[in-house]
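# Topology and contacts: notes
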There are 2 protein chains.
Amino acid sequence: MAVQTVTTASASTTTSAASVDLGPATALSCRECGHRVPLGPVFACEECFGPLEIAYDFSSYEAGELRRRIEAGPSNIWRYAPLLPVPADVADKPNLNPGWTKLVKADNLARELGVTGGLYVKDDSGNPTHSFKDRVVAQALEAARAFGFTTLSCSSTGNLAGAVGAAAARAGFRSCVFIPHDLEQGKVVMAAVYGGELVGIDGNYDDVNRFCSELIGDPAGEGWGFVNVNLRPYYGEGSKTLAYEICEQLGWRLPDQLVIPIASGSQFTKIDKGLKELVQLGLVEDKPYKLFGAQAAGCSPVSVAYKAGHDVVRPQKPDTIAKSLAIGNPADGPYVLDIARRTGGAVEDVTDEEVVAGIRLLARTEGVFAETAGGVTVGVTRKLIENGLLDPSLTTVVLNTGDGLKTLDAVADQGLTATIRPSLESFREAGLG
Amino acid sequence: MAVQTVTTASASTTTSAASVDLGPATALSCRECGHRVPLGPVFACEECFGPLEIAYDFSSYEAGELRRRIEAGPSNIWRYAPLLPVPADVADKPNLNPGWTKLVKADNLARELGVTGGLYVKDDSGNPTHSFKDRVVAQALEAARAFGFTTLSCSSTGNLAGAVGAAAARAGFRSCVFIPHDLEQGKVVMAAVYGGELVGIDGNYDDVNRFCSELIGDPAGEGWGFVNVNLRPYYGEGSKTLAYEICEQLGWRLPDQLVIPIASGSQFTKIDKGLKELVQLGLVEDKPYKLFGAQAAGCSPVSVAYKAGHDVVRPQKPDTIAKSLAIGNPADGPYVLDIARRTGGAVEDVTDEEVVAGIRLLARTEGVFAETAGGVTVGVTRKLIENGLLDPSLTTVVLNTGDGLKTLDAVADQGLTATIRPSLESFREAGLG
């Protein structure tokens with residue numbers, strides 16, 4: 001229990017809570033029992049070991065004025081600084097400034113899928129390191145700064161390693177990223193280029209995670225902010241910005257349906273949180289919305305539990321090309337099940353073949369080259385329409401959270417249409433003329 | 001001469017000039033002799049074979065109102081639609097909507113290089129297919145639409161192939177892209193994923209180019225818009241948006257110095273054109289600015305000519321890792337020499353080792369992972385400061401035109417800092433604790 005003790009709210013923080021300025025964030029609150037503790041680098045409740053979330057004071061905001069303030073803000077996530085655990089002057093600090101990615105009106109894809117109510121792709125491949133991870137790392141970085149940490153760290157299998165390395169470089173932090181030692185060369189190169197420490201662990205991702213928890217409890221980890229461990233409550237809030245941007249880009253209205261990839265499930269729960277906040281703040285009109293979760297069949301613990309009518313998630317050993325979603329024991333799985341059921345959504349999964357078909361379909365119809373996680377959401381959208389769970393007459397937003405350049409292998413069997421000599425004769429012979 | 005005859009202004013166009021709405025564009029004008037012809041898919045003057053450029057009517061614009069109109073526009077290049085050869089409703093058409101990429105205030109890099117006057121990196125890796133090519137293809141696409149073309153085509157060695165494939169997919173055009181048959185697998189995969197025709201030519205890039213010129217003159221090429229051949233005058237204007245964005249992001253002022261990569265030299269000349277337009281329109285205050293060109297030593301025909309004091313450029317056979325800049329016979333080389341000398345700039349080149357060092361320096365200091373072309377501009381900036389040609393006390397903007405994920409090989413020798421067992425003991429043994 002040593003590790004858990006260190007990371008609960010009773011742990012000492014580098015900077016005293018009184019001196020921490022994280023804007024509207026006032027405390028950490030347990031999602032299970034509601035117990036409150038001061039803002040600090042902790043993630044588990046000291047009472048019940050439930051996950052801690054950020055509590056805010058939004059009481060001074062007036063909807064019209066808040067909307068104008070957001071719209072006058074920068075073209076990145078900091079336009080929503082009044083709704084995030086960051087200081088008011090966050091946009092002036094060195095940060096990768098992710099977000100405000102494109103909401104693509106996907107009319108060609110809509111025709112292919114038979115969606116008549118408006119189909120959009122929220123394309124997070126436009127972020128600085130080309131995945132949604134830049135959003136969450138940006139929040140964790142500001143928390144690390146507030147708590148006086150000087151090293152940014154994480155366990156990762158790819159996207160997060162690059163996002164942490166890049167953010168630390170920009171912000172002048174040391175970085176030390178832990179990955180399984182046998183990752184694909186491309187991911188290693190991208191994570192290494194930012195010049196931080198990149199440590200391979202002789203073991204699998206679970207071993208890497210367990211080691212990071214040990215390191216937090218050790219003097220060697222002093223001054224280290226692990227973005228997805230001791231800074232997790234702040235980190236997670238970055239996913240809310242996806243909800244904010246989608247609604248603002250739709251003209252300050254809620255979509256009817258969202259299709260969201262499920263890895264740990266954190267993004268799914270935070271998008272729900274973000275949508276509810278916009279309603280509470282009066283920035284969008286209240287109306288029902290449905291959240292759909294998307295997994296790969298080779299790592300579908302939440303989908304399996306959803307279909308079986310279970311409230312708990314039975315862990316799986318992942319075996320899928322959608323590696324960025326390959327979390328066999330998703331921490332927020334039960335919350336995803338609850339939200340999907342409460343909103344009238346669902347959780348569905350698709351085979352690796354359907355993932356590849358989804359990548360190809362999105363590229364061919366909209367010119368968006370998604371990573372495997374985007375193939376999952378597109379494939380699941382198609383399947384949900386086919387089985388009648390997603391209503392094609394309603395406004396639907398599908399998330400693409402990463403970039404096809406990072407998972408080239410998935411579509412590498414498609415190459416040249418033809419090879420010809422540089423002559424019109426050869427062109428005609430190949431049936432191209 | 002058959003090919004040139006077909007592509008000069010006397011060629012018939014698919015759509016009559018009278019029905020073409022390309023906004024403020026009024027005609028094509030020869031850069032050499034000033035001869036004017038109607039807007040059409042032609043690129044060489046029928047009088048002198050000089051390059052044709054877009055002529056505009058900006059006479060109705062008032063600076064204050066134009067600036068407000070731009071600032072109220074979308075977060076992409078179409079905010080500058082009043083200054084581009086596109087219809088006024090361009091933002092409503094299916095298009096990848098590139099641009100409005102980040103201007104990164106590069107304070108860490110500035111410290112390393114000793115720049116005190118403000119250093120910025122214009123990071124075009126944030127475009128939809130992660131290179132500046134999306135800007136130029138977006139213009140060519142609108143011209144293709146106006147001229148009634150149904151196929152979008154190009155010769156390419158990488159970035160352009162992906163940009164054309166993606167743009168055509170979004171816009172509902174057929175695409176047919178020609179590349180040397182032995183390109184790297186990653187570039188082939190990315191170009192193929194959008195589902196267009198991807199034809200390998202058994203030959204080098206020059207063979208590909210020559211074949212495309214033949215195809216334009218053949219009935220088989222009827223209805224084909226070659227973005228970098230018969231649509232080149234429109235295509236080239238996309239690079240002006242880099243100048244517009246840099247100035248607007250600096251608060252509507254000209255930078256003192258820009259460092260720009262040189263491939264064909266088109267981007268360099270169009271950035272100069274864009275800066276001059278902003279002055280003429282009263283959007284920025286007039287003041288001197290210096291334009292610096294950057295090449296790799298292994299393909300440095302313009303740099304060599306600059307240093308030798310020549311007005312003409314002697315072709316080279318490229319041999320450099322900076323493949324996106326590897327044009328041995330740059331069409332706009334003489335114009336680059338003229339502009340560099342007129343503005344008080346220079347043209348410089350760096351070795352492949354310095355290119356790699358430039359990529360690493362930018363990644364380590366600012367968290368921006370550039371392709372080799374970005375390594376060239378960063379390396380040249382350092383060299384220009386060392387040899388006293390670039391004044392570190394002035395505001396300087398360095399361009400990164402592409403994405404490191406597309407040229408991973410350049411930095412692939414850098415990998416893990418260490419490999420350890422998942423234990424604190426092993427962590428300490430490795431000297432990390």
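Just so it is clear, the model here is predicted, and its values are computed rather than measured.

## Some remarks on the overall build of chain A
- Broken down by element type, chain A carries 15 helices and 14 strands.
- What you see for chain A is a C-alpha radius of gyration of 22 Å, in line with the 22 Å of a compact globule of 433 residues.
- Residues classed as buried in chain A amount to 63% of the 433 residues present.
- A separation threshold of at least 6 residues defines the contact pool for chain A, and within that pool the share at least 24 residues apart is 71%.

## Quick notes on the relation of the copies chain B and chain A
- Rotating chain B by 180 degrees and moving it 0.0 Å along the rotation axis overlays it on chain A with an RMSD of 0.0 Å. Interpreted geometrically, this transformation is the action of a two-fold axis. Of the C-alpha atoms belonging to chain B, the one lying closest to the rotation axis is found on B:Gly126, 2.9 Å away.
- A share of 100% of interface residues in chain B that are also interface residues in chain A marks the association as one of identical surfaces.

## Focus: the pairing of strand S1 (residues 25-30) of chain B
Residues and elements named next belong to chain B.
- Most of S1 sits out of view: five of its six residues are buried.
- As paired elements, S1 and strand S3 (residues 52-56) share five bridges and run antiparallel to each other. Within the sheet, the bridge partner assigned to Ser-29 lies in S3 and is Glu-53.
- Pairing analysis gives two bridges linking S1 to strand S2 (residues 36-37), with the strands arranged antiparallel.

## A short note on empty space enclosed by the protein
All names here are of chain A.
- Scanning all chains against the criterion turns up three cavities of 30 Å³ or more.
- Considered class by class, the residues forming the lining of the largest cavity number no nonpolar, five polar and four charged.
- Lining the lining of the largest cavity are residues from two domains, each supplying at least three of them: domain 1 (2-60 + 133-235) and domain 2 (102-128 + 239-411).

## Notes on the interface of chain B and chain A
- Facing 72 residues of chain B, the contacting portion of chain A comprises 72 residues.
- Of all residues in chain B, the largest losses of buried area upon contact with chain A belong to B:Arg170, B:Val193 and B:Leu405, amounting jointly to 11% of the total for that side.
- The interface formed by chain B and chain A contains four salt bridges.
- The partner of A:Arg170 in a salt bridge is B:Glu366, with the nearest N and O atoms 3.4 Å apart.
- Looking at the side of chain B that touches chain A, its residues break down into 36 nonpolar, 21 polar and 15 charged.
- In this sheet, strand S8 (residues 197-201) of chain B lies alongside strand S14 (residues 418-420) of chain A in parallel orientation, the contact comprising three bridges. Bridge assignment links A:Ile420 to a residue of S8(B), and that residue is B:Ile201.

## Side note on the pattern of salt bridges
- Considering all chains together, one arrives at 58 salt bridges over all chains under this definition.
- Between A:Glu53 and A:Arg31 there is a salt bridge, and its shortest N-O distance comes to 3.5 Å. Remark: A:Arg31 occurs in the loop between strand S1 (25-30) and strand S2 (36-37) and A:Glu53 occurs in strand S3 (residues 52-56); sequence separation between them is 22 residues.
- Taking the shortest distance from any N to any O, the salt bridge between B:Lys287 and B:Asp256 comes out at 2.4 Å. Placement of B:Lys287 in the loop between helix H10 (266-280) and strand S11 (290-296) and of B:Asp256 in the loop between helix H9 (240-249) and strand S10 (257-261) is noted, with a sequence separation of 31 residues between them.
- On the accessibility criterion, B:Lys287 (27% relative accessible area) is partly exposed.
- B:Asp256 gets classed as buried once you look at its relative accessible area, which sits at 18%.

## A short note on the sheet that holds S14(A)
- Spatially, the five strands line up as an open sheet ordered S14(A)-S8(B)-S7(B)-S6(B)-S9(B), and their pairing is parallel. Two strands lie at the open edges of the sheet, namely S14 of chain A together with strand S9 (224-226) of chain B, each paired on one side alone. Across the sheet, the mean angle from the axis of one strand to that of its neighbour is 25 degrees, orientation sign disregarded.
- Of the pairings in the sheet, the one linking strand S6 (residues 151-155) of chain B to strand S7 (residues 174-180) of chain B comprises five bridges and is parallel in character. Within the sheet, the bridge partner assigned to B:Ser155 lies in S7(B) and is B:Phe178.

## Description of the UniProt feature "domain: Tryptophan synthase beta chain-like PALP" (unreviewed entry) in chain A
- Within this structure's numbering, the places UniProt gives as "domain: Tryptophan synthase beta chain-like PALP" (unreviewed entry) are residues 98-402 of chain A.
- Helix and strand shares over residues 98-402 of chain A are 44% and 17% respectively, and the end C-alpha atoms of the span are 13 Å apart.

## Some points on the environment of A:Ala44
- Within the secondary structure, A:Ala44 is located in the loop between S2 and S3.
- For A:Ala44, a relative accessible area of 8% puts it in the buried group.

## What to know about helix H14 (residues 372-386) of chain A
Residue and element names in this part refer to chain A.
- Relative to the 21 Å expected for 15 residues at 1.5 Å per residue, H14 spans 21 Å between its end C-alpha atoms, a close match to the ideal helical length.
- Across the 15 residues of H14, 12 count as buried, placing the element largely inside the fold.
- Along H14, the residues that are buried comprise Thr-372, Ala-373, Gly-374, Gly-375, Val-376, Thr-377, Val-378, Gly-379, Val-380, Thr-381, Leu-384 and Ile-385.
- For H14, the secondary structure elements touched by its buried residues are helix H3 (107-113), strand S10 (257-261), strand S11 (290-296), strand S12 (346-350), helix H13 (352-366) and strand S13 (396-400).

## Observations concerning the environment of A:Arg174
- Inspection of the secondary structure assignment puts A:Arg174 in strand S7 (residues 174-180).
- The exposure class of A:Arg174 is partly exposed, given its relative accessible area of 33%.
- Remark: the alpha-carbon pair of A:Arg174 and A:Gln280, spanning 106 residues in sequence, is separated by 39 Å.
- In this structure, A:Arg174 is in contact with A:Thr150, A:Thr151, A:Leu152, A:Ala168, A:Glu197, A:Trp224 and B:Leu432, ignoring residues within four places of it in sequence.

## Quick look at the domain arrangement of chain A
All names here are of chain A.
- Split by domain assignment, chain A resolves into domain 1 (2-60 + 133-235) and domain 2 (102-128 + 239-411).
- At the interface, 17 residues of domain 1 touch 22 residues of domain 2.
- Interface area, domain 1 with domain 2, both sides summed: about 1700 Å², of which 40% is carbon and sulfur.
- Sorting the residues of domain 1 by area buried against domain 2 places Arg-31, Arg-135 and Asn-159 first, and these three jointly supply 39% of that buried surface.
- Counting across the interface, domain 1 meets domain 2 through four salt bridges.
- Among the ionic pairs, Asp-332 bridges to Arg-31, the shortest N-O distance being 3.0 Å.
- Our enumeration of links across domain 1 and domain 2 arrives at 11 residue pairs in polar contact (both at pLDDT 80 or more).
- Looking at side-chain class alone, the side of domain 1 that touches domain 2 contains seven nonpolar, two polar and eight charged residues.

## Some thoughts on the packing of aromatic side chains
- All told, the structure shown has 24 aromatic pairs over all chains when counted by the stated rule.
- Ring centres of B:Tyr80 and B:Tyr244 lie 5.1 Å apart, and the angle between their planes is 50 degrees; on these two criteria the pair is classed as tilted. Placement of the pair is B:Tyr80 in the loop between helix H2 (63-71) and strand S4 (102-105) and B:Tyr244 in helix H9, with a sequence separation of 164 residues.
- Here the aromatic residues A:Phe178, A:Phe211, A:Trp224, A:Phe226 and B:Phe427 are joined through ring pairs into a cluster of three or more.
- Positioned over the ring face of A:Tyr335 is A:Arg31, at 3.8 Å from the centre of the ring.

## Some points on the state of the cysteines
- Considering all chains together, one arrives at zero disulfides over all chains under this definition.
- Of all cysteine sulfurs in the structure, the one in A:Cys30 sits closest to A:Cys48, which takes part in no disulfide; the separation is 3.4 Å.
- Overall, the relative accessible area of 34% leaves A:Cys48 in the partly exposed class.
- With no disulfide of its own, B:Cys45 lies 3.6 Å from the sulfur of B:Cys33, the closest cysteine sulfur.

## Regarding helix H10 (residues 266-280) of chain A
Residue and element names in this part refer to chain A.
- Helix length check: H10, at 15 residues, gives a terminal C-alpha distance of 21 Å against a target of 21 Å (1.5 Å per residue), a fit within 8%.
- The buried fraction of H10 amounts to 12 of the 15 residues, a majority that puts the element mostly inside the structure.
- When H10 is considered as a whole, its buried residues turn out to be Ser-266, Gln-267, Phe-268, Thr-269, Lys-270, Ile-271, Asp-272, Lys-273, Gly-274, Leu-275, Glu-277 and Leu-278.
- Immediately downstream of H10, the backbone of Gly-282 shows phi near 75 degrees, a positive value.

What counts as what
Counting starts from 1 at the beginning of each chain's written sequence and moves along it residue by residue. The lettering of chains begins at A and the numbering of ligands begins at 1, in the order of writing. Local features are withheld for residues below a pLDDT of 70 in this predicted model, meaning they are given only at 70 or higher, and side-chain atom pairs are given and counted only at 80 or more; totals for whole chains, interfaces and linings count all residues. Hydrogens and water are ignored here; the side-chain numbers use all heavy atoms of the structure. The secondary structure listing takes helices from DSSP runs of H or I that are at least 4 residues long and strands from runs of E that are at least 2 residues long, numbered from the N terminus. With C-alpha atoms as the basis for the radius of gyration, the globule rule is written as 2.2 Å multiplied by the number of residues raised to the power 0.38. The classification of residues rests on relative accessible area computed with a 1.4 Å probe and restricted to protein chains. Under 20% of the type maximum is buried, over 50% is exposed, and intermediate values are partly exposed. We call two residues in contact whenever any of their non-hydrogen atoms come within 4.5 Å of each other. Residues reaching a pLDDT of at least 70 in both copies supply the C-alpha atoms on which the copies are superposed by least squares. We call two strands paired when DSSP finds no fewer than two bridges between them. Throughout, the protein atoms alone are placed on a 1 Å grid, and a set of points is a cavity if a 1.4 Å probe fits but cannot get out or a pocket if it is open with protein on both sides within 12 Å along at least five of seven lines; lining residues have an atom within 4 Å of a point. Grid points are joined across faces, edges and corners, and a volume is the space filled by probe spheres set on the points. Each residue gets one label: Ala, Val, Leu, Ile, Met, Phe, Trp, Tyr, Cys and Pro are nonpolar, Asp, Glu, Lys and Arg are charged, and the others, such as Gly, are polar. Throughout the structure description, domain borders are defined by an automatic or database domain assignment. Simply put, the buried area is the total loss of 1.4 Å probe accessible area from both parts when two parts are fitted together. In what follows, salt bridge is the name for a side-chain nitrogen of Lys or Arg lying within 4 Å of a carboxyl oxygen of Asp or Glu. All axes here are fitted lines through C-alpha atoms, helices being fitted over the stretch that makes contact, and every angle between N-to-C directions spans 0 to 180 degrees. UniProt positions are given in the numbering used here, feature names are shortened, and annotations may be inferred rather than shown by experiment. Here the expected length of a helix is defined as 1.5 Å per residue gap, with one fewer gap than residues. N or O atoms within 3.5 Å of each other form a polar contact, as long as, within protein, one can give a hydrogen and the other can take it, and as long as residues adjacent in sequence are counted only when both atoms are side-chain atoms. Aromatic pairs are defined between Phe, Tyr and Trp rings, using the six-membered ring for Trp, whenever the two ring centres lie within 6.5 Å; interplanar angles under 30 degrees are classed as stacked, those over 60 as edge-to-face, and all others as tilted. Here, over-ring charges are defined by two tests on the NZ atom of lysine or the CZ atom of arginine: distance to the ring centre within 6 Å, and angle to the ring normal within 35 degrees. Throughout, disulfides are identified as pairs of cysteine sulfur atoms within 2.5 Å of each other.

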